[in-house]
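Reading the structure
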Amino acid sequence: MYTVEEMRRTIAHHGVRLTPQRSAIVEELIHFPGIFSVADLQKRMEDRHPDLGRATLFRTIDLFVRLGVLERMHREEGEDGYIVGMAGHHHHLICRVCGEVRHIDFCPIVPDIDERVRREGYAETVHRFDIEGICLSCRQKRDSKQKKGSQGPKGLKAGSSLEAI
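An account of the accompanying structure is given in this report. Please read these numbers as outputs of a predicted model, since none were measured by experiment.

Attention now goes to the packing of aromatic side chains. Within this structure, the stated rule accounts for two aromatic pairs. Here the aromatic rings of Phe32 and Phe36 are separated by 4.5 Å at their centres, their planes lie at 25°, and the arrangement is stacked. Both residues of the pair, Phe32 and Phe36, belong to the buried class. Judged by centre distance (6.2 Å) and plane angle (40°), the ring pair of Phe36 and Tyr82 falls under tilted. Taken together, the residues Phe36 in the loop between α2 (20–29) and α3 (38–45) and Tyr82 in strand β2 (residues 81–84) connect sequence positions 46 residues apart.

Structure follows, in structure tokens:
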């Protein structure tokens, strides 16, 4: 994941001016370890930057996606989400519960897909490969809740009989 300085360098490398609004957005992006929406970013920024409108956020996010500072992620809920980008070819491991995103620098499909793309006559292609699941932390929380829920009165397991006491 890019640091604030790497994001600034990437933006400057593309010849894009880092306006005060863009700089403020870059400073806030680092606080999102997983997928976030424009609404999430707006909520986080509204106290310190009340003059920053939703249209400016959308335009800036679209610009940052084109520059590679951010990556657009499809969300099952329908609204696009975003994550802070990372240099180089990579894929994502995404938790469906908390939204945590881990970058994976291994690509299992490059040899196969490259050959297929060449046969189809395409060039300069990009592909995305995301794996969704439930992270260890979320699984542990879920399992802990299930264990607590399976206890009956006075610590009896669900389904056990009070008559045995």
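The next point concerns the nonpolar core. Core analysis: the biggest nonpolar cluster contains 24 residues, and Ile25, Leu29, Leu41 and Phe64 have the highest contact counts within it. Contributions of two or more residues to this core are made by α1 (4–13), α2, α3, α4 (54–67) and β2. The greatest single-element share of this core, amounting to five residues, is contributed by α4. When sequence neighbours within four positions are dropped, the list of residues in contact with Leu41 reads Ile25, Glu28, Leu29, Phe32, Phe36, Leu57 and Ile61. Listed in part, the five residues of the second largest apolar core include Ile35, Met73, Ile83 and Val101.

Thresholds applied
Residues numbered from 1 in each chain as written. Predicted model: local features only at pLDDT ≥ 70, side-chain atom pairs only at ≥ 80, totals over all residues. Heavy atoms only, no water. Phe/Tyr/Trp six-rings, centres within 6.5 Å; stacked < 30°, edge-to-face > 60°. Buried < 20%, exposed > 50% of the residue type's maximum accessible area, 1.4 Å probe, protein only. Helix = DSSP H or I, 4+ residues; strand = E, 2+ residues; numbered from the N terminus. Core = buried A, V, L, I, M, F, W, Y, C linked by side-chain atoms within 4.5 Å. Contact = heavy atoms within 4.5 Å.

Geometric values such as these leave the question of function open.
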